[in-house]
Amino acid sequence: MALSQSEQKVLAATTAVDSLISEGLIFSGMKIGLGTGSTAMPAVKRLAERIADGTLKDIKAVATSFQTTLACEDLGIPVYTLNDRAIGGQLDLAIDGADEVAPEKTLIKGGGAALLREKIIAYNAKHFAIVADESKKVDGHGTGFALPVEIIAEARVPVVKALEKLGAECVLREGVKKAGPVITDNGNMIIDCRWKQKVNAAELEEVIDDITGVVECGFFTKNVPVVFIAHADGSVERM
Ligand code: 5RP
């Protein structure tokens with residue numbers, strides 16, 4: 001029987017953690033960045049299981065969101081900040097989910113509004129791993145999942161004008177079970193951007209991040225990850 005999307009997420013996450021342990025990329029004493037979302041969570045759980053079964057010891061985690069911090073606290077994974085002396089601003093590996101994965105392994109992230117800390121952690125990790133179900137594979141960015149852009153609230157109107165000049169259709173992300181906009185873990189707002197045609201993610205990441213009032217955008221093009229994609233037939237593809 002075909003695996004559901006949530007079963008694929010668990011399969012991708014557990015396969016990735018176990019494979020990265022066998023390959024020595026997840027190891028005792030390491031500093032690991034932990035992502036956010038419904039695929040990153042089973043990876044966090046698998047890591048906790050491998051700590052509990054004695055495979056891994058002295059793991060130091062840095063979480064990308066309140067969601068992940070709470071999960072680590074509940075699962076007994078010690079959480080640090082990137083700035084703690086024990087971490088020193090550098091991680092051995094970060095593992096996270098994604099909203100889109102293109103063939104050249106550029107990503108869109110930020111569906112859970114955690115893109116800023118996700119990118120800080122991904123870009124300060126020696127290795128980066130992505131776990132995803134097959135729906136996340138795309139042939140290019142721009143027209144599918146809307147690109148999240150985290151902005152300073154006071155700069156909303158000029159930032160939207162600048163994004164529109166780049167051809168984007170912009171929507172302020174609204175909260176669920178909360179009136180008004182989503183406010184990120186960092187106190188900012190999110191503008192979701194979609195184009196009528198495919199765009200160059202690597203170029204646009206720099207251009208968008210250069211707009212005054214933009215804190216960060218959800219294109220991830222600079223630390224190319226190893227990607228684990230689970231399929232409905234139960235296979236896990238490695239990109
Ligand atoms: C959160 C993210 C997530 O990793 C991304 O949205 C994928 O989420 P999920 O695994 O729940 O589909 O970038 O900001």
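Everything quoted here is computed from the prediction, not taken from an experiment. (Residues numbered from 1 in each chain as written. Predicted model: local features only at pLDDT ≥ 70, side-chain atom pairs only at ≥ 80, totals over all residues. Heavy atoms only, no water.)

(A) Quick look at the site of the ligand. Of all residues adjacent to the ligand, which total 17 residues, the nearest are Ser38, Thr39, Asp99, Gly110 and Lys136. Within the side chain of threonine 39, one N or O atom sits 2.5 Å away from an oxygen atom of the ligand. In the model, an oxygen atom of the ligand is placed 3.1 Å from a nitrogen or oxygen of the alanine 114 main chain. The fraction of the free accessible surface of the ligand (380 Å²) that becomes covered by protein chains is 92%. Classifying every residue of the shell around the ligand gives 3 nonpolar, 8 polar and 6 charged. (Near = heavy atom within 4 Å. Polar contact = N/O pair within 3.5 Å; in protein donor to acceptor, adjacent residues only side chain to side chain. Areas by Shrake-Rupley, 256 points an atom, 1.4 Å probe, with all protein chains shown as cover. Nonpolar A, V, L, I, M, F, W, Y, C, P; charged D, E, K, R; others polar.)

(B) Just the pattern of salt bridges, in detail. Taken as a whole, this structure holds 18 salt bridges when the rule is applied. Here lysine 60 makes a salt bridge to aspartate 58, at a shortest N to O gap of 3.3 Å. Between lysine 198 and aspartate 139 there is a salt bridge, and its shortest N-O distance comes to 3.5 Å. Highlighted residues: lysine 198 in the loop between β10 (189-194) and α6 (201-209) and aspartate 139 in the loop between β7 (125-133) and β8 (147-151), separated in sequence by 59 residues. Lysine 198 sits in the partly exposed class, given a relative accessible area of 42%. It is possible to trace a salt-bridge network through shared partners that takes in Asp18, Arg46, Glu49, Arg50 and Asp53. (Salt bridge = Lys/Arg side-chain N within 4 Å of Asp/Glu carboxyl O. Helix = DSSP H or I, 4+ residues; strand = E, 2+ residues; numbered from the N terminus. Buried < 20%, exposed > 50% of the residue type's maximum accessible area, 1.4 Å probe, protein only.)

Geometry only, nothing functional implied.
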